[in-house]
Amino acid sequence: MVKKICGIGAGYVGGPTMAVIALNCPSIEVAVVDISHSRISAWNSDKLPIYEPGLEQIIQQCRGKNLHFSTDVEKHVYEADIIFVNVNTPTKTGGRGAGKAADLTYWESAARMIADVSRSNKIVVEKSTVPVRTAEVIEKILVHNSNGKVEYQILSNPEFLSEGTSIQDLLNPDRVLIGGNDSLKGQEAIQKLKAIYANWVPEDRIITTNVWSAELSKLADNAFLAQRISSINAMSALCESTGADISQVSCVLSKNTKLGSRYLNASVGFGGSCFQKDILNLVYICECNGLVEVANYWKEVIKVNDYQKSRFVKKVITSMFNTVSGKKIAVLGFSFKKDTSDTRKTPAIDVCKGLLADNACLSIYDPRVSEEQIRRDLSMNEIPWENSIMAEAMRFDGTKQVSVYEDVYEATKDAHGICVLTEWDEFKEIDYQRVFESMEKPAFVFDGRNVLDVDKLREIGFIVYSIGKPLKQWQSC
Ligand SMILES: NC(=O)C1=CN([C@@H]2O[C@H](COP(=O)(O)OP(=O)(O)OC[C@H]3O[C@@H](n4cnc5c(N)ncnc54)[C@H](O)[C@@H]3O)[C@@H](O)[C@H]2O)C=CC1
Ligand SMILES: O=C(O)[C@H]1O[C@H](OP(=O)(O)OP(=O)(O)OC[C@H]2O[C@@H](n3ccc(=O)[nH]c3=O)[C@H](O)[C@@H]2O)[C@H](O)[C@@H](O)[C@@H]1O
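Keep in mind the model is a prediction, meaning the values are calculated, not measured. (Residues numbered from 1 in each chain as written. Chains lettered and ligands numbered in written order. Predicted model: local features only at pLDDT ≥ 70, side-chain atom pairs only at ≥ 80, totals over all residues. Heavy atoms only, no water.)

Trainee: Could you clarify how one ought to interpret the site of ligand 1 in this entry?
Mentor: Neighbouring ligand 1 are 26 residues, the closest being Val13, Asp34, Thr89, Glu163 and Lys277. Contact distances for ligand 1 include 3.0 Å between an oxygen atom and a backbone N or O atom of Tyr12. Expressed as a share of its isolated accessible area of 840 Å², the protein-covered part of ligand 1 is 92%. No other element matches helix H5 (residues 105–117), which puts three residues into the shell around ligand 1. Each of domain 1 (4–209) and domain 2 (243–476) accounts for three or more of the residues forming the shell around ligand 1. (Near = heavy atom within 4 Å. Polar contact = N/O pair within 3.5 Å; in protein donor to acceptor, adjacent residues only side chain to side chain. Areas by Shrake-Rupley, 256 points an atom, 1.4 Å probe, with all protein chains shown as cover. Helix = DSSP H or I, 4+ residues; strand = E, 2+ residues; numbered from the N terminus. Domains from an automatic or database assignment.)

Set out below in structure tokens:
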């Protein structure tokens with residue numbers, strides 16, 4: 001019987017995932033541990049470290065009962081029957097495979113710590129997204145660093161939640177994937193983990209596979225989703241050149257039952273901590289296996305995403321008479337999607353840097369992202385991936401030309417143009433007549449998410465660009 005679970009890593013995945021397990025398994029003690037003291041104290045406070053609709057209620061319900069957040073990593077690992085490893089696996093920034101391969105430093109140090117402190121048999125669950133065959137490496141680290149008396153079963157149980165809807169995704173997942181090895185003990189471990197999920201997930205949604213299929217399926221899943229966004233974004237460019245309308249094209253595709261209706265929204269580009277990182281990881285694995293053509297195929301998905309961001313920047317500049325120098329541009333939305341405060345790899349960073357490189361003055365408003373975070377993101381000098389056409393802009397630090405506002409009307413006052421970069425619902429409710437009156441003329445709107453009512457905006461007097469829509473003649477350059 002599983003009595004104690006420990007989740008290592010209290011981030012976007014570890015926090016919500018472990019909280020939902022605690023909620024659905026009241027007889028199990030769940031401890032979420034992290035090396036970051038500030039993160040753990042935030043989880044123990046009224047102001048949680050991440051914003052997710054529905055998360056606060058679950059934390060209030062379970063925290064202090066069967067859900068605990070702690071920095072005492074060793075104690076909780078020692079006591080646990082099952083250890084979920086939810087640590088970050090970013091792209092390597094130096095050494096072999098830099099810019100593409102996954103950096104497993106955090107995973108490795110977690111594994112070494114598990115080996116050091118464990119005195120009873122453990123099931124170690126890979127929750128983080130890792131390269132295929134990582135379980136083999138982890139097993140070696142665990143076995144070679146243990147006293148020989150502890151047995152480990154490694155399971156791959158990748159997470160499919162999306163930020164902004166993570167609680168709904170966890171409470172009602174379309175699937176739970178568990179990969180384990182074929183041995184009797186491997187199968188027993190799978191059954192133990194399956195029994196935990198079965199407390200709230202219908203059994204037919206729990207898929208069991210071998211470890212390698214589970215690890216690779218997670219990378220494939222993200223690659224397919226990102227590929228679909230790049231496909232629709234590539235079509236959006238063609239729409240703008242031909243007079244077709246991307247919303248109409250998406251609608252037609254969505255009715256094809258062979259394709260389904262999701263991930264067909266053209267946008268300024270996909271963001272988030274995982275799509276680019278996981279595709280680059282896939283590319284690196286393909287290259288290591290000598291599969292150059294396959295690697296190049298997946299690279300194109302990221303290339304199109306960069307193209308979409310740079311195309312948007314170019315459209316803003318060319319529409320505004322070929323220069324944004326000294327012009328105030330209001331940026332509405334900075335997070336990588338609505339309903340999250342997460343800004344990791346948000347397209348807003350590249351778009352803002354592209355505009356700043358042309359000497360624009362930006363006034364940024366986001367309902368959930370702090371000024372401190374925005375300034376940190378825009379001053380960061382990130383290493384571009386090898387083929388990035390955004391490389392030059394990404395190196396640009398122009399934070400002096402940036403103001404951050406807590407009020408949308410302040411942000412747009414005296415602006416020459418508005419760029420909508422996140423699809424926050426509240427942007428549909430803005431009084432655009434009032435905004436128009438306070439702006440310089442001609443007043444431009446560049447809708448990078450296709451969320452605004454274009455006809456209404458044009459009626460007011462705005463010049464509007466939206467992704468993949470027919471353009472007025474003087475914008476089509
Ligand atoms: N963010 C997302 O929506 C999703 C992320 N994933 C994957 O889940 C993994 C985690 O992602 P996030 O939660 O977004 O990362 P995160 O960066 O928000 O959280 C990771 C946490 O692990 C902690 N940590 C690192 N090494 C540690 C150690 N040795 N001991 C204790 N704590 C340690 C860090 O301090 C950090 O708080 C990644 O592999 C990611 O690819 C998978 C599905 C969804
Ligand atoms: O491994 C992960 O981290 C997760 O990555 C994504 O989830 P997430 O990045 O949280 O968010 P998505 O809703 O997939 O959106 C990603 C980006 O694509 C953009 N997007 C999404 C859908 C669409 O039609 N068009 C589009 O531009 C979003 O605005 C956002 O910038 C996947 O959807 C999850 O299944 C996966 O677990």
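There's more to say after this.
Trainee: Help me understand the side chain of Glu52, please; the structure alone is not making it clear to me.
Mentor: Here Glu52 shows up in the loop between helix H2 (37–43) and helix H3 (55–62). Although Glu52 is buried, it forms no salt bridge, and the closest oppositely charged side chain is Lys337 at an N-O distance of 7.1 Å. A polar side-chain atom of Glu52 sits 2.6 Å from the main-chain amide nitrogen of Gly164. Beyond its immediate chain neighbours, meaning those up to four positions away, Glu52 contacts Glu163, Gly164, Thr165, Ser166 and Ile167. (Buried < 20%, exposed > 50% of the residue type's maximum accessible area, 1.4 Å probe, protein only. Lys, Arg positive; Asp, Glu negative; His and termini not counted. Salt bridge = Lys/Arg side-chain N within 4 Å of Asp/Glu carboxyl O. Contact = heavy atoms within 4.5 Å.)

Trainee: Teacher, can you tell me more about the UniProt feature "active site" (unreviewed entry) in the protein chain here?
Mentor: When the UniProt feature table is mapped to this numbering, "active site" (unreviewed entry) covers Cys274. Its location among the elements puts Cys274 in the loop between helix H10 (246–254) and helix H11 (275–288). For Cys274, a relative accessible area of 28% translates into the label partly exposed. (UniProt positions renumbered as here; feature names shortened; annotations may be inferred.)

Trainee: Hey, could you run me through the pattern of salt bridges in this one?
Mentor: For side chains of opposite charge, pairing can occur when their charged atoms come near one another. Evaluated as defined, the whole model comprises 24 salt bridges. With a shortest N-O distance of 2.7 Å, Arg112 and Glu108 are connected by a salt bridge. Of this pair, Arg112 and Glu108 both sit in helix H5, four residues apart, which is roughly one turn of that helix. Across the salt bridge formed by Asp342 and Arg344, the nearest N and O atoms sit 3.0 Å from each other. In the salt-bridge network here, residues are joined through shared partners; they are Lys4, Lys75 and Glu79.

Trainee: Please clarify how the side chain of Thr399 should be interpreted in this entry.
Mentor: Following the sequence through the fold, Thr399 ends up in the loop between helix H15 (391–394) and strand S11 (402–405). Apart from residues lying up to four places away in sequence, Thr399 is in contact with Arg375, Leu378 and Ser379.

Trainee: Quick question: what am I supposed to make of the sheet that holds strand S12 (residues 417–420) here?
Mentor: Across a sheet, strands are paired by hydrogen bonds formed along the backbone, either parallel or antiparallel in direction. Within the open sheet, the six strands sit side by side as S11-S10-S9-S12-S13-S14. Their pairing is parallel. The sheet terminates laterally at S11 and strand S14 (463–466), the two strands that pair on one side only. Put simply, the sheet's adjacent strands are angled 20° from each other on average, direction ignored. Helix-sheet contacts for helix H14 (residues 371–379) involve strand S10 (361–365) and S11, and the interaxial angle to S11 is about 155°. (Pairing = 2+ DSSP bridges. Axes fitted to C-alpha atoms, helices over the stretch in contact; angles between N-to-C directions.)

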